[in-house]
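Read off the chains here:
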Amino acid sequence: MKVSIIAFTDNGMEIAYKLSNSLSDDDVDFTRCGKGALSTWTEEHFSTNDALIFIGAIGIALRAIAPYIKTKTKDPAVVVVDELGQFSIPILSGHIGGANQLALQISKDLGSIPVITTATDINKVFAVDTWAKSQGLNILNPECIKLVSSKLLKSGSVHVKSDYPIRGNLPKNVYLNDLNDSNENSDNNNDDKYDVIISHYDLKDEYGNDTLLLIPQVITVGIGCRKDISFEAIEKSIFNIIKHENYHILSINALASIDKKANEKGILEFAKKYDLPFNTYSAEELNSLEGDFTKSDFVKTVVEVDNVCERSAVMESNGKLIRRKDTCDGAGVTVALAINDPNISWE
């Protein structure tokens, strides 16, 4: 977690120093704000950091961050600590960004009082957005978070459909894969739809208006290509395959190929644009995989392995092949997809 701290007084700097030591497991930096420097500091750090800590007045922090606030899924955690270290107050991205958790950690480090105001937390109700983040689930339509939270705050039943098993005990008033099971005291017993769906399929057009859609990163893209293939060809090929299978682009967790493609500019550009790891394997490693793969004698003469995209997808995912090699209409790109079910827990 990348954390930046800004203080305005001598007392504030002492607190910033303490926090930089207590948060040592994170990447932490701190500074004293110079005259007229707050806006520049905030602009510089807001988009690049996971969390910002202001040691000073809430009003100062609010005015500083206001021009840069975008969405609850993108904004960093922002916590304010007064210059005596008496209170730690999350003011932005309490759940998804982790500001509430950071404020609680600060309160332990400083002996301060955490001021948590989010309704689910103070009522000790299951917070679906906090849980989704902890499980590595992408939130496709964050505007639906409030629909789930509102039901739970009214002691209503929330029905979750998941394409994957979920370990642990269900939270209170949450029901899994069963629309008939619900809280007898709820006024929502007649609901005939799910409130939350966990799937790697693209379901927004069908359910996106009033069902919270959570997408796990479970799809690995194995790729092969001609030398110096363009980024546009890579992007179009991958998108066409994903769309054909009705998977969501957010379900991709990595790209994989043979080591001879480690510096392929088109693949590297795609990985950078979509913030995906790109890992490569030697021909020896790919050949060591057992299984039924689409073989090509020509490919084997060039790179010493009979199939790059299928083998690399399975190697990277440690899962199973779900889309065999596709030549992408002769675009000079081959794509295959593998899947590995996520490890999801209620706890």
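Look a little higher up for the structure.
Residues numbered from 1 in each chain as written. Predicted model: local features only at pLDDT ≥ 70, side-chain atom pairs only at ≥ 80, totals over all residues. Heavy atoms only, no water.

(A) Just the overall build of the protein, in detail. Counting its secondary structure elements, the protein contains 13 helices and 18 strands. A buried classification covers 49% of the 347 residues belonging to the protein. Carbon and sulfur atoms form 47% of the exposed surface of the protein, whose accessible area is close to 17,800 Å². Distance from the positive charge centre (35 side chains) to the negative charge centre (49 side chains) of the protein: 3 Å. (Helix = DSSP H or I, 4+ residues; strand = E, 2+ residues; numbered from the N terminus. Buried < 20%, exposed > 50% of the residue type's maximum accessible area, 1.4 Å probe, protein only. Areas by Shrake-Rupley, 256 points an atom, 1.4 Å probe, with all protein chains shown as cover. Lys, Arg positive; Asp, Glu negative; His and termini not counted. Charge placed at Lys NZ, Arg CZ, Asp CG, Glu CD.)

(B) How the structure looks around the nonpolar core. Residues Trp131, Ile198, Leu212, Leu214, Ile234, Ile238 and Leu255 are the most contacted members of the largest nonpolar core, which totals 47 residues. In contact with Leu255, not counting residues within four places along its chain, are Val221, Ile238, Ile267, Phe270, Ala271, Leu276, Pro277, Phe278 and Asn279. Of all hydrophobic cores here, the second largest spans 17 residues; its members include Ala51, Ala77, Val81 and Ile106. (Core = buried A, V, L, I, M, F, W, Y, C linked by side-chain atoms within 4.5 Å. Contact = heavy atoms within 4.5 Å.)

(C) Just the packing of aromatic side chains, in detail. Scanning all chains against the criterion turns up 10 aromatic pairs. Plain terms: the ring middles of Tyr17 and Phe30 are 6.4 Å apart, the flat faces sit at 75° to each other, and that makes the pair edge-to-face. Of the two residues, Tyr17 is situated in helix H1 (residues 10-22) and Phe30 in strand E2 (residues 27-32); the sequence distance between them amounts to 13 residues. Consider the rings of Trp131 and Trp346, whose centres lie 4.7 Å apart with planes at 20°: the pair is stacked. With Trp131 in helix H6 (residues 128-134) and Trp346 in the segment after strand E18 (344-345), this residue pair connects regions lying 215 residues apart in the sequence. Summarising the burial analysis for this pair, Trp131 and Trp346 share the class buried. An aromatic cluster is built from Phe126, Trp131 and Trp346, whose rings are joined through pairwise contacts. (Phe/Tyr/Trp six-rings, centres within 6.5 Å; stacked < 30°, edge-to-face > 60°.)

(D) Spatial organisation of the environment of Ala254. Along the chain, Ala254 falls in strand E14 (residues 252-258). Overall, Ala254 belongs to the buried group, its relative accessible area being 3%. Taking the C-alpha atoms as reference points, Ala254 and Val314, separated by 60 residues in sequence, lie 11 Å from one another.

(E) Highlighting the sheet that holds strand E17 (residues 333-339). Strand order in the open sheet made by the five strands is E15-E14-E13-E17-E16, with mixed pairing throughout. Edge positions in the sheet fall to strand E15 (278-281) and strand E16 (320-326), since each has one partner strand and no second. When strand polarity is set aside, the average angle formed by the axes of neighbouring strands in this sheet is 25°. Direction of pairing for strand E13 (residues 219-225) relative to E17: antiparallel, over a ladder of seven bridges. Opposite Gly224, over in E17, you have Thr334 as the bridge partner. Its contacts with the sheet place helix H9 (residues 231-244) against E13, E14, E16 and E17, and it is angled at close to 45° to E17. (Pairing = 2+ DSSP bridges. Axes fitted to C-alpha atoms, helices over the stretch in contact; angles between N-to-C directions.)

(F) Focus on empty space enclosed by the protein. Under the counting rule described, the total for this entry stands at one cavity of 30 Å³ or more. There is about 40 Å³ of room inside the largest cavity. Lining of the largest cavity is provided by Leu140, Ile197, Ile198, Ser199, Tyr201, Leu203, Leu213, Leu214 and Ile215. Put simply, the parts of the chain that give the lining of the largest cavity at least two residues each are strand E11 (196-198) and strand E12 (212-216). Residue contributions to the lining of the largest cavity peak at three residues, all from E12. Here the residues of the lining of the largest cavity sort into eight nonpolar, one polar and no charged. (1 Å grid on protein atoms, 1.4 Å probe; cavity = no way out; pocket = protein on both sides within 12 Å on 5 of 7 lines; lining within 4 Å. Points joined across faces, edges and corners; volume = space filled by probe spheres on them. Nonpolar A, V, L, I, M, F, W, Y, C, P; charged D, E, K, R; others polar.)

(G) Here's a closer look at the pattern of salt bridges. Inspection of the entire model under this criterion finds 10 salt bridges. With a closest N to O distance of 2.6 Å, Arg32 and Asp10 form a salt bridge. Here Arg32, found in strand E2, pairs with Asp10, found in helix H1; they are 22 residues apart in sequence, far enough to count as distant. When its relative accessible area of 42% is taken as the criterion, Arg32 is described as partly exposed. Measuring nitrogen to oxygen at the nearest pair gives 2.7 Å for the salt bridge that ties Asp195 to Lys151. You can see Asp195 sitting in the loop between strand E10 (174-176) and E11 and its partner Lys151 sitting in helix H7 (residues 145-153), a full 44 residues away along the chain. For Asp195, a relative accessible area of 5% gives the class buried. A single network of salt bridges, built from pairs that share partners, joins Glu245, Arg323 and Asp326. (Salt bridge = Lys/Arg side-chain N within 4 Å of Asp/Glu carboxyl O.)

(H) Quick peek at the sheet that holds strand E4 (residues 77-81). Pairing in this open sheet of six strands is mixed, and the strands run E2-E1-E3-E4-E5-E6 from one edge to the other. The sheet is open, and its two edges are formed by E2 and strand E6 (113-114), each paired on a single side. When E4 meets strand E5 (residues 87-92), the two strands line up antiparallel, connected through four bridges. Pairing of Val80 across the sheet is with Ile89, part of E5. Where H1 meets the sheet, it contacts strand E1 (2-7), E2, strand E3 (51-55) and E4, and its direction lies at approximately 170° from that of E2.

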